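# Observations on chain architecture
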Amino acid sequence: MLVAAAVCPCPPLLVPEVAAGAAPELDAARAACADALGVLAAARADRLVVVGPADSAGPEVFPQGTPGSFRGFGVEVDVTLGPDTGAAARPAGSELPYGFAVGAWLLARAGWSHTPVEGVGVGEGLPAERCAAVGRDLAGRAGRMALLVLGDASACRTLKAPGYLDERAAPFDAEAGRALGAADLTALAGLDVVLARELKVSGRAPWQVLAGAAEGAGLSGSPMYEDAPYGVGYVAAAWS
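About the criteria used
- Along each chain, residues carry numbers from 1 onward, in the same order as the chain's sequence is written.
- Given that this is a predicted model, residues contribute local features only at a pLDDT of at least 70 and side-chain atom pairs are listed and counted only at 80 or more, while totals for whole chains, interfaces and linings are drawn from all residues.
- The side-chain values count all of the structure's non-hydrogen atoms but skip hydrogen atoms and water molecules.
- Numbering of helices and strands runs from the N terminus; a helix is a DSSP stretch of H or I covering at least four residues, while a strand is a stretch of E covering at least two.
- Within these notes, the globule rule equals 2.2 Å times the number of residues to the 0.38 power, and the radius of gyration is based on C-alpha atoms.
- What makes two residues a contact is simply this: any of their non-hydrogen atoms within 4.5 Å.
- Only four residue types enter the tally: Lys and Arg on the positive side, Asp and Glu on the negative side; His and the chain ends are excluded.
- A charged residue contributes its charge at one atom only: NZ of Lys, CZ of Arg, CG of Asp or CD of Glu.
- One bridge is not enough; two strands pair if DSSP finds at least two bridges between them.
- Axes here mean lines fitted to C-alpha atoms, for a helix over just the part in contact, with angles spanning 0 to 180 degrees between N-to-C directions.

### Topic: the overall build of the chain
Within the chain, the secondary structure is distributed over eight helices and nine strands. Over its C-alpha trace the chain gives a radius of gyration of 16 Å, about what one expects of a compact globule, namely 18 Å for 240 residues. For the chain, the C-alpha atoms occupy an extent of roughly 45 × 45 × 30 Å along the three principal directions. Across the chain, the fraction of contacts at a sequence separation of at least 24, relative to all contacts at a separation of at least 6, is 76%. Measuring between centres, the 17 positive side-chain charges of the chain sit 3 Å from its 26 negative side-chain charges.

Structural data, given as structure tokens:
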């Protein structure tokens, strides 16, 4: 049963060492993520599942202790998904995608040690119905579950955005942000898969997994952050 969820953006720029001199620009986003994780900690769940964007449609499982790194950005920052137990059954050389590495960094920053942690990656190729089914499967397992849901909104909000300016981006982000802040399951389930792909929305599939997991849970949402620095939409919210 799902008892709480935190929704956080996952750009590597959230990590101050990666952002370097621009780090203060995302201080508000970092604070919102920390507050959302505080809601998860207060829920006293039995397990935490981190759901985030993956390169393949998935779902792809990342066991606790799976390593990640930001060395590709020229900084010596390494992370693991939750406390490293040495038991992560991953192929040699495999590591977390950057979005999950950001989630691992957020958990380490919060000192997360409350529950076992696992990751589930879902990509833009996973249909909405399949995302919901993944969420229902996670919520149907024994015990009290919390979700950390990672993903960004559109990358097309300005001329200098990674996806250039698309006039459809701001309305899409506004509706997604409203739905995440209000725990509107119907609106999240109905997000346009094709439009999300065209707008380079990495959060669509993870958000729809959340919607499936929250069916029947009776959770209410609290919006915590919404902005588009660098032309990319970032949303943070907590459900409890």
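### Concerning the sheet that holds strand 6 (residues 117-122)
The sheet built from seven strands is open, its strands ordered 3-6-2-7-1-9-8 with mixed pairing. A strand with exactly one partner marks an edge of an open sheet, and here the two such strands are strand 3 (60-62) and strand 8 (221-227). When strand polarity is set aside, the average angle formed by the axes of neighbouring strands in this sheet is 20 degrees. Sheet topology note: the strand 1 (residues 2-8)/strand 9 (residues 234-239) ladder contains three bridges and is antiparallel. When the bridges of strand 9 are listed, Ala6 appears paired with Ala238. With respect to the sheet, helix 2 (residues 27-42) is in contact with strand 1, strand 2 (47-53), strand 7 (145-150), strand 8 and strand 9, its orientation differing from that of strand 1 by roughly 175 degrees.

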